[in-house]
Amino acid sequence: MAPAAAAATTAAPANAAVFRDQANKVGARSCADLYEALGQGLTRGAAFSVKTETDQAAPDAHLVRGLLGLTYDQPDLKGSAGGVVVAAPGQGGCEGYLVRVAPFQKPCAEVVSLLPAGSTAGQPLLGVWQYQLAGTQGQALMIPSGSTCVVVTLSGMTQRQ
């Protein structure tokens, strides 16, 4: 990202199109729809605030990035989490990715039961559990942290024009 970045920030957004609105506000219109889809996927079930950034000189030619703070109040996930949403123009469309980091107040062995049905375990990575989530939902890394588990969720999408 260039040193001069356009930025928009929203806390506790009230509208469903906040990601698209922010992308448009900073001039990153070509990938605004994909950025919104990724943002909505990342924030489902959470209160959040987001800061959207892109290259100020040529926002439609570079990636648009959102940094998020999230708060969950669900039966199995309570508390703060963080996330990143990235969408970038490419040949014939846009590609994007989301990353969510969420601490669960239970051991990873118990968190596994919360994964979508049909998720499969992969090869552990130096003590980090790896799962392919069912369907095209992405991947999860489970990092044991004492008696708790930090889950990193990763998922990508492509939008063709």
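Residues numbered from 1 in each chain as written. Predicted model: local features only at pLDDT ≥ 70, side-chain atom pairs only at ≥ 80, totals over all residues. Heavy atoms only, no water.

*Asks:* Can you tell me about the state of the cysteines, naming the residues and giving the values?
*Replies:* What the rule picks out here adds up to 2 disulfides. Covalently, Cys 108 is tied to Cys 149 through a disulfide, its sulfur atoms 2.1 Å apart. Taking the sign of the S-S torsion, 95 degrees for the link of Cys 108 and Cys 149, the bridge is right-handed. You can see Cys 108 sitting in helix H3 (residues 108-111) and its partner Cys 149 sitting in strand E9 (residues 148-160), a full 41 residues away along the chain. In terms of burial, Cys 108 and Cys 149 fall into one category: buried. If you count the bonded cysteines of the protein from the N-terminus, they pair up as 1-2, 3-4. (Disulfide = S-S within 2.5 Å. Helix = DSSP H or I, 4+ residues; strand = E, 2+ residues; numbered from the N terminus. Buried < 20%, exposed > 50% of the residue type's maximum accessible area, 1.4 Å probe, protein only.)

*Asks:* Any details on the pattern of salt bridges? Residues and values, ideally.
*Replies:* For the structure on display, the rule yields 6 salt bridges. When the shortest N-O distance is used, the salt bridge between Lys 51 and Glu 53 registers 3.3 Å. In this structure, Asp 76 engages Lys 106 in a salt bridge whose closest nitrogen and oxygen atoms are separated by 3.2 Å. In this pair, Asp 76 sits in the loop between strand E3 (64-73) and strand E4 (78-90) while Lys 106 sits in the loop between strand E5 (93-104) and H3, placing the two residues 30 residues apart along the sequence. Judged by its relative accessible area of 36%, Asp 76 is partly exposed. Each of Arg 20, Asp 33 and Glu 36 takes part in a single network of salt bridges with overlapping partners. (Salt bridge = Lys/Arg side-chain N within 4 Å of Asp/Glu carboxyl O.)

*Asks:* Could you give an account of the environment of Thr 71, naming the residues involved and the relevant values?
*Replies:* Within the element layout of this structure, Thr 71 appears in strand E3. Measuring from C-alpha to C-alpha, the distance between Thr 71 and Leu 125 comes to 28 Å, with 54 residues separating the pair along the chain. For Thr 71, the contacting residues outside a window of four places in its chain are Ala 46, Ala 47 and Gly 79. (Contact = heavy atoms within 4.5 Å.)

*Asks:* An account of the packing of helix H1 (residues 18-25) against helix H2 (residues 32-43) is requested, with residue identities and associated values reported.
*Replies:* For the pair H1 and H2, interaxial distance at closest approach is 7 Å and the crossing angle is 140 degrees. In terms of their interaxial angle, H1 and H2 are classed as oblique. The two elements H1 and H2 cross, and the hand of that crossing is right-handed. Between H1 and H2, the contacting residues are Phe 19, Arg 20, Ala 23 and Asn 24 on the first element and Ala 32, Asp 33, Tyr 35, Glu 36, Gly 39, Gln 40 and Thr 43 on the second. Residue composition of the contact of H1 with H2, by class: 4 nonpolar, 4 polar and 3 charged. (Axes fitted to C-alpha atoms, helices over the stretch in contact; angles between N-to-C directions. Parallel < 35°, antiparallel > 145°, perpendicular 65-115°, else oblique. Left-handed = near helix turned anticlockwise from the far one by under 90°. Nonpolar A, V, L, I, M, F, W, Y, C, P; charged D, E, K, R; others polar.)

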